[in-house]
Amino acid sequence: MPGTSLPACVRAAVIAASLLGVAPATADDWPSRPVRLVNTFAAGGAADLISRLTAEHLSTAFKQQFFVETRAGASGTIGVQSVVNSAPDGYNFVMTTSTLLVLLPASNPKLGYHPTRDLTNIAYLAGTPIVISVAPQSGVSALQDLIALSKKTPKPLSYSSSGLGSSGHLVAELLAKLAGMKIEHVPYRGGSQSLTDLLGGHIAFASQTLPSTAGQLKSGALTALTHSGKERLAEFPNVQTLKEQGFDIVSTTWYSLSGPAGLPDNIVQKINREIGIGLAKPEFGDRLRAAGFVHEAMPVSEFRAFIDAETARWTPVIKAAGLVVK
């Protein structure tokens, strides 16, 4: 009304909104346009599969398109950085992993982003254990045989993982430390070549994720000695966990959903809740299990505490392995 003065707090809010030119996201109007979900690794891989399953469920749940954009490279950090640099308006998310939130930040102080300060970590999705496997012709049929072999051979046993500083690499190094083994890491660019060399007798064992070895294990081309899950796997009920065999190692390569720092909490909570609902559905949860993943719904606070615990556990291992970038 002409001549009517607005309260000072209202005037300040109006001025701020006009300067910014945008209105903050709210629980009522979000999402009102398509939402980007960045897959940080190559198309066709595990991260791509989980990204697409997540996008499919959230599109249905929120009645708005969540589309996957692949931005691979630099161990996934290019995709993360693209979301770190985006506005915290609820329209940019990224598929993060244990490598991106824990292992790389612990090994590279100059990474370019901080995993908790520069990101809003929203939900845990699923993880997959690391499997220690050998070729049947190696003559090794149990983990204790492998440990004994490493102690009696003059040279360290060579092994493969999915890459330097990966979960497979660190699980093997921690096992070696606890068991007193002599081992030597041979990094490969891809899992297929490393498994070919394992079958050819060029390396002694592999320390890789379940999805990357499941086909060979089921066919009998490889023998699983143990895995790093917290309980036995339904697909391989006779394979004991590392914990069962006396080694306090429970670890997975895990996948999660994050957004830029400053994301409104109402959006964070809505997405976390919907992911929990989705994981309980066959079209989401069962497809993850079929691919070799174990899914778990965590509240936001529990997931963030989990990240802190993983960081505290693996940072000393990374330092002991000499993996910290100078």
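It should be noted that the structure appears before, not after, this text.
Residues numbered from 1 in each chain as written. Predicted model: local features only at pLDDT ≥ 70, side-chain atom pairs only at ≥ 80, totals over all residues. Heavy atoms only, no water.

Trainee: Honestly, empty space enclosed by the protein in this entry has me stumped. Any pointers?
Mentor: Once rolled over the atoms, a probe with the size of a water molecule shows which space is left empty. By the definition in use, this model includes one cavity of 30 Å³ or more. Here the largest cavity is characterised by a volume of approximately 50 Å³. If you list the elements that add at least two residues to the lining of the largest cavity, you get α4 (98–107), α6 (167–179), β9 (252–260) and α11 (300–320). Counting residues per element, the lining of the largest cavity draws most heavily on α4, which supplies three residues. When the residues that make up the lining of the largest cavity are grouped by side-chain class, the tally is five nonpolar, four polar and one charged. (1 Å grid on protein atoms, 1.4 Å probe; cavity = no way out; pocket = protein on both sides within 12 Å on 5 of 7 lines; lining within 4 Å. Points joined across faces, edges and corners; volume = space filled by probe spheres on them. Helix = DSSP H or I, 4+ residues; strand = E, 2+ residues; numbered from the N terminus. Nonpolar A, V, L, I, M, F, W, Y, C, P; charged D, E, K, R; others polar.)

Trainee: Please explain the side chain of Ser 161 as it appears in this structure.
Mentor: For Ser 161, the position within the fold is in strand β5 (residues 157–161). Owing to a relative accessible area of 0%, Ser 161 belongs among the buried residues under this scheme. At a separation of 3.2 Å, a polar atom in the side chain of Ser 161 contacts the side chain of Ser 166. Contact partners of Ser 161, with chain neighbours within four places excluded, come to Ser 166, Gly 168, His 169, His 185, Val 186, Tyr 188, Ser 207 and Gln 208. (Buried < 20%, exposed > 50% of the residue type's maximum accessible area, 1.4 Å probe, protein only. Polar contact = N/O pair within 3.5 Å; in protein donor to acceptor, adjacent residues only side chain to side chain. Contact = heavy atoms within 4.5 Å.)

Trainee: What am I meant to see in α6 here?
Mentor: Along an α-helix, residues three or four positions apart point the same way, because every turn accommodates 3.6 residues. An ideal rise of 1.5 Å per residue puts 18 Å on 13 residues; α6 measures up with 18 Å between its terminal C-alpha atoms. Within α6, the full set of buried residues consists of Ser 167, Gly 168, His 169, Leu 170, Val 171, Ala 172, Leu 174, Leu 175, Ala 176 and Ala 179. Looking one or two places after α6, you find Gly 180, whose phi comes out positive at around 70 degrees. (Expected span 1.5 Å × (residues − 1).)

Trainee: Before we go on, may I ask you to explain the side chain of Thr 209 in this structure?
Mentor: As for its placement among the helices and strands, Thr 209 is situated in strand β7 (residues 205–209). Not counting residues up to four positions away in its chain, the partners in contact with Thr 209 are Thr 128, Pro 129, Ile 130 and Thr 253.

Trainee: Mind showing me how you'd approach the environment of Val 300 here?
Mentor: Summarising the element assignment, Val 300 is placed in helix α11. Judged by relative accessible area, which is 5%, Val 300 ranks as buried. When the C-alpha atoms of Val 300 and Asp 265 are compared, they prove to be 9.9 Å apart, with 35 residues separating the residues in sequence. The contacts of Val 300, once residues within four sequence positions are left out, are Asn 121, Ile 122, Val 268, Gln 269 and Asn 272.

Trainee: In this structure, what is going on with the pattern of salt bridges? I would like to understand it.
Mentor: A side chain of one charge can pair with a side chain of the opposite charge when the charged atoms of the two come close. Within this structure, the stated rule accounts for nine salt bridges. Between Arg 232 and Glu 244 there is a salt bridge, with its nearest N and O atoms 3.0 Å apart. Here the residue Arg 232 occupies a position in the loop between β8 (223–227) and β9, and Glu 244 occupies one in the loop between β8 and β9, the gap between them amounting to 12 residues. Close ionic contact of Lys 243 with Asp 248 constitutes a salt bridge, the shortest N to O distance being 2.6 Å. (Salt bridge = Lys/Arg side-chain N within 4 Å of Asp/Glu carboxyl O.)

Trainee: I tried to follow the pairing of strand β3 (residues 92–97) on my own but got confused; where do I start?
Mentor: For a regular strand, side chains alternate in direction, first toward one face of the sheet and then toward the other. A large share of β3 lies buried, amounting to six of its six residues. Pairing between strand β1 (residues 35–39) and β3: three bridges, direction parallel. Within β3, the position partnered with Arg 36 by the bridge is Asn 92. Inspection of the sheet shows β3 paired to β9 by four bridges, in the antiparallel sense. The partner of Thr 97 across the bridge, within β9, is Tyr 255. (Pairing = 2+ DSSP bridges.)

Trainee: What is the right way to look at the packing of helix α2 (residues 46–62) against helix α9 (residues 265–279) in this model?
Mentor: Helix-helix packing: each pair is described by the crossing angle between the helix axes and the interaxial distance. Between α2 and α9, the shortest axis-to-axis distance is 10 Å and the interhelical angle comes to 110 degrees. One way to sum up the angle between α2 and α9 is to call them roughly perpendicular. As α2 runs across α9, the sense of the crossing is right-handed. Contacts between α2 and α9 involve Thr 54, His 57, Leu 58, Ala 61 and Phe 62 from the former and Lys 270, Ile 271, Glu 274, Ile 275 and Gly 278 from the latter. Split into classes, the residues belonging to the contact of α2 with α9 amount to five nonpolar, three polar and two charged. (Axes fitted to C-alpha atoms, helices over the stretch in contact; angles between N-to-C directions. Parallel < 35°, antiparallel > 145°, perpendicular 65-115°, else oblique. Left-handed = near helix turned anticlockwise from the far one by under 90°.)

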